[in-house]
Amino acid sequence: MKAFRWLWSAYAVSTYGTWIAFGAFPLIAVRVLHSPAFAVSVLEAAGLAVAAVVAIPLGPWIQHRAKRPVMIGMDVVRFLAMASVPVAYLLGRLSFGQLLVVSIVSGTANIVFTAASGAYLKHLVHRDELLAANGRFEGTTWVATATGPPLGGALIGALGPVVTVAADALSYLLSALAVLRIRGSDVATRRGPATRLLTGWRVVFGDPALRRLFLNAMMTSGLIMATLPLLAVLLLGRYHFPAWQYGLAFGVPSLGGFAGARLCARLVARYGRYRVMIVTGWLRSIFPLGLAFTRPGIPGLLTVIVVEGLLIACMGVFNPIYATERLQRAPTEHAAQVVSAWSISSKLSQATLMVIWGVLATLTGPLTAITVSGVLLLGAPLLLPRRSHMPDPVAAPAPGRPAALVVGQDGGHRVGHADHGQEDPERPGGVLSH
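Because the structure is predicted, anything quoted here is derived from the model rather than measured. (Residues numbered from 1 in each chain as written. Predicted model: local features only at pLDDT ≥ 70, side-chain atom pairs only at ≥ 80, totals over all residues. Heavy atoms only, no water.)

On inspection of all chains with the given rule, the structure shows 4 salt bridges. For Asp207, the salt bridge is made with Arg329, and the minimal N-O distance between the two is 3.1 Å. Placement of Asp207 in the loop between helix 9 (199–206) and helix 10 (208–238) and of Arg329 in helix 14 (residues 297–329) is noted, with a sequence separation of 122 residues between them. Neither residue differs from the other here; Asp207 and Arg329 are each classed as buried. Arg329 is the partner of Glu325 in a salt bridge, and the nearest nitrogen-oxygen pair spans 3.1 Å. Remark: Arg329 and Glu325 occur in helix 14; sequence separation between them is 4 residues, near one turn of the helix. Judged by its relative accessible area of 1%, Glu325 is buried. (Salt bridge = Lys/Arg side-chain N within 4 Å of Asp/Glu carboxyl O. Helix = DSSP H or I, 4+ residues; strand = E, 2+ residues; numbered from the N terminus. Buried < 20%, exposed > 50% of the residue type's maximum accessible area, 1.4 Å probe, protein only.)

The subject of this paragraph is the packing of aromatic side chains. The geometry of an aromatic ring pair comes down to the distance between the two centres and the angle between the two planes. Across all of its chains, the model carries 7 aromatic pairs by this definition. Arranged with centres 6.1 Å apart and planes meeting at 25°, the rings of Phe4 and Trp8 form a pair that is stacked. Taken together, the residues span about one helical turn, with Phe4 and Trp8 both in helix 1 (residues 2–20) at a distance of 4 residues. Connected via pairs of aromatic rings, a cluster forms that spans Phe205, Phe214, Phe318, Tyr322 and Trp342. The ring centre of Phe113 lies 4.5 Å from the NZ or CZ of Arg78, which sits over that ring. Stacked on the ring of Phe318, the Lys or Arg Arg284 has its end atom at 3.9 Å from the ring centre. (Phe/Tyr/Trp six-rings, centres within 6.5 Å; stacked < 30°, edge-to-face > 60°. Lys NZ or Arg CZ within 6 Å of the ring centre and 35° of its normal.)

Time to look at a nonpolar patch on the surface. On the surface, Val279, Trp282, Leu283, Ile286, Leu378 and Leu382 cluster together to form a nonpolar patch covering roughly 500 Å² of accessible area. With respect to the secondary-structure elements, Trp282 resides in helix 13 (residues 273–286). The class for Trp282 is partly exposed, based on a relative accessible area of 35%. (Patch = residues over 30% accessible without salt bridge, like charges linked within 9 Å, V, L, I, M, F, W, Y side chains within 5 Å. Areas by Shrake-Rupley, 256 points an atom, 1.4 Å probe, with all protein chains shown as cover.)

This paragraph deals with the environment of Ile156. Of note, Ile156 is situated in helix 7 (residues 130–159). Among the residues examined, Ile156 registers a relative accessible area of 13% and is labelled buried. Taking the C-alpha atoms as reference, Ile156 lies 8.9 Å from Ala21; in sequence the two are 135 residues apart. Not counting residues within four places of it along the chain, the set of residues in contact with Ile156 comprises Leu27, Pro161 and Thr164. (Contact = heavy atoms within 4.5 Å.)

Structural data, given as structure tokens:
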């Protein structure tokens, strides 16, 4: 479907821009603004936490608006925020406070864009094709993760970190242009008494499968992300790995994520969605414990590459399944709020655990803190849904749900429930035709 290809293109170009600029803000803070280590930590954690809190009241706002204009607007916001950094640098006015504000603004816009795009994907793609669609997004993420930082590193070495921020800003502008090219209907939910600030969390905790997936995701992503700064300290500081080896340690394993995403649909077709999710869910919680055996030199480098490669390959298979299950189980009229609540909670849990593990590493050492994280991760799969929690979701809307407004290309409205997989009777082949 041409519309999906444009949506995928928008995601791809902005994702590559983000990974090309990966690490640019800390570099600017250290090398340009000469900020201390504590300030750099605050820049990383505060950007996640404050953006998540600011985004909480935006869930209902996203749900009641057509999703494409929201995505375009957030791309423009991210473009303007990121572009302000090189402009201020050239004018000699760049400050740590501006970096912090840009981090918060862009983080908030990321959450809003993710929520709107998730709800729009549910509207756009037939439910039987959601797994393949999420697999394409997942594969794109890991290829960008593998290739973006080395390219960004080359740009930083040649032209400085501010140039990569400008490239990231340009990627959001290109993303907005791609979304603008999408034609067809859009979806928005009619305002009703059921819409509340915390509706996304109520939906998640009201569904046993979503609740367990949510808790597993918060614990797993939080503990994994908490160890990333510690690995940087361990490899670059204590073990004195050169920068190219550090980049290699995280670039090469990302190709495993691409391979996993490509295999996901085939594995599900052969072994079943639930079995594949459980097996990869357990494996992605077991492999991080291997980082406890990281040592200096080439053996340590190979240990990190192998462990991270196995972990990321499992994530490449697991993530499309859980993302598809989340979209299928979320009611259409609350899909954006569910994705928003998920994203907000993830950022808050990651920021919180980063701080906690930073303190733990200060008291015990980075390798000990990484080991503790690996041990705790062994309990995360116990939170995964049971088979009894995951019957096929009912496609028909429950009585009393507020109707969704399907917004036509000509600006007209058609009242319906706009569930993905429900074909438009006037346009055979899907809910969004050309």
